[in-house]
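# Geometric and topological summary
These are the residues of each chain, in order.
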Amino acid sequence: MQRSAPRPSRSRTRTRVRMLACAAVPVMIVAAGCSSGSDGGGDADKPAATTSKAAPKVAPAKFTTLPADPCKSIAAKTVTDLVPKAKDKSGSAGKSSDITTRGSCSWNGLDDNGVKGSQYRWLDISLMRYDSEEGLGSGQDRAADYYKKEVANARATQGAKDMKAAPAPGVGTEATAVTYSVTKTGESFGYATVVARSENVVITLTYNGAGYAGARSPAASDLVKGATKATKEAVAAVPAATE
């Protein structure tokens, strides 16, 4: 009776598989080395190029606050000169939820000379400060946009006559003076509005007046001269509040 050949044991089979696997390793290594180039360095060894760039940082705003009391941003003597008979020489401050960002103040008064005529004057100022914020831009750029809007608003005054606008040199980073006249209650009121930007702060100052009982209304040149002087003082008061 013919006997079948004995089957190899499981242990011997495993040993042979491991030997064959080990024998193949050097061949794989050599093949991999050849495919990488003669210097041993291939594209796979190079770091991946960085395609994303860091977003540019927004420039910090120069001024971090405003005068604590906007009514003191204009010298008391200047207020007296522009509004001789002011009802409240210390001014009337506007309400603000954040005095480091916005502030305002106004003065008005009537210099009554009876039959010789009277002079009415009004002076008001507003200050607006912008911070630098990611997604919104730098404080300077944001203030520049607001500056343009304020100049446009002054030039769009309803009922204005003899409208003129011109640069106001020497006032902050940039400034524009707008003059015009408006007839109210039968009287002609002369107006001078100066809009100035000092870096990230915008100052809008309006000075107007009228003559009553035959008195002449103030000349546009006198109004813009006074408004420009007061605006310069307000611009100078801003860095003093930051230092």
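Notes on the structure follow. Counting restarts for each chain, with residues numbered from 1 along the sequence as it is written. Selection of residues for local features in this predicted model requires a pLDDT of at least 70, selection of side-chain atom pairs for listing and counting requires 80 or more, and totals for whole chains, interfaces and linings are taken over all residues. With hydrogens and water excluded, all non-hydrogen atoms of the structure serve as input to the side-chain values.

### A look at the environment of E150
Secondary structure elements are defined from DSSP: runs of H or I of at least 4 residues count as helices, runs of E of at least 2 residues count as strands, and each element is numbered from the N terminus. Within the secondary structure, E150 sits in helix 3 (residues 139–155). As for E150 and V202, which are separated by 52 residues in sequence, their C-alpha atoms are 9.0 Å apart. Residue contacts for E150: discarding those within four places in its chain leaves V195 and T204. Two residues form a contact once any of their heavy atoms are found within 4.5 Å.

### A look at the state of the cysteines
Note on disulfides: each one is a pair of cysteine sulfur atoms within 2.5 Å. Under the defined criterion, the tally for this structure stands at one disulfide. Shown here is the disulfide that connects C71 with C105, its sulfur atoms set 2.0 Å apart. For the disulfide bridge between C71 and C105, the dihedral angle about the S-S bond is near 100 degrees, and by the sign convention the bridge is right-handed. One end of the pair, C71, is in the loop between helix 1 (10–35) and helix 2 (76–82); the other, C105, is in strand 2 (residues 102–112), and 34 residues separate them in sequence.

### Thoughts on the nonpolar core
Each nonpolar core is a collection of buried residues, namely Ala, Val, Leu, Ile, Met, Phe, Trp, Tyr and Cys, held together in the definition by side-chain atoms within 4.5 Å. In this scheme, a residue with accessible area under 20% of its type's maximum is buried, one over 50% is exposed, and one in between is partly exposed, where area comes from a 1.4 Å probe on protein chains only. By size, the foremost hydrophobic cluster in this structure holds 30 residues, and its most contacted members are I74, W107, L123, I125, I203, L205 and Y207. Counting only elements with at least two residues in this core, the list comes to helix 2, strand 2, strand 3 (118–129), strand 5 (174–184), strand 6 (187–198), strand 7 (201–212) and helix 4 (220–242). When residues in this core are grouped by element, the largest group, six residues, is from helix 4. For Y207, the contacting residues outside a window of four places in its chain are L82, R121, W122, L123, G190, Y191, A192, L223 and A227.

### A short note on the packing of aromatic side chains
Between rings of Phe, Tyr and Trp, where Trp is taken as its six-membered ring, a pair exists when centres lie within 6.5 Å; planes separated by under 30 degrees are stacked, by over 60 edge-to-face, and by other angles tilted. Summed over the entire model, instances satisfying the criterion amount to four aromatic pairs. Judged by centre distance (6.2 Å) and plane angle (75 degrees), the ring pair of Y120 and F189 falls under edge-to-face. One end of the pair, Y120, is in strand 3; the other, F189, is in strand 6, and 69 residues separate them in sequence. Exposure remark for F189: the relative accessible area of 5% places this residue in the buried category.

### Thoughts on unusual backbone geometry
With glycine set apart, most residues show a phi of negative sign, and most peptide bonds adopt trans. Here the phi dihedral of T185 falls at roughly 50 degrees; this positive angle occurs in a residue that is not glycine. Relative to the elements of secondary structure, T185 occurs in the loop between strand 5 and strand 6. The phi dihedral of A213 is positive, around 55 degrees, even though this residue is not glycine. Take A213: it is sitting in the loop between strand 7 and helix 4.

### What about helix 4?
Compared with the 33 Å implied by 1.5 Å per residue over 23 residues, the 34 Å span of helix 4 between its first and last C-alpha is a close match. Among all positions in helix 4, only L223, G226, A227, T228, A230, T231, A234, V235, A237 and V238 are buried. Buried positions along helix 4 lie against helix 2, strand 3, strand 6 and strand 7. Expected helix span is given by 1.5 Å per residue-to-residue step, counting one fewer step than there are residues.

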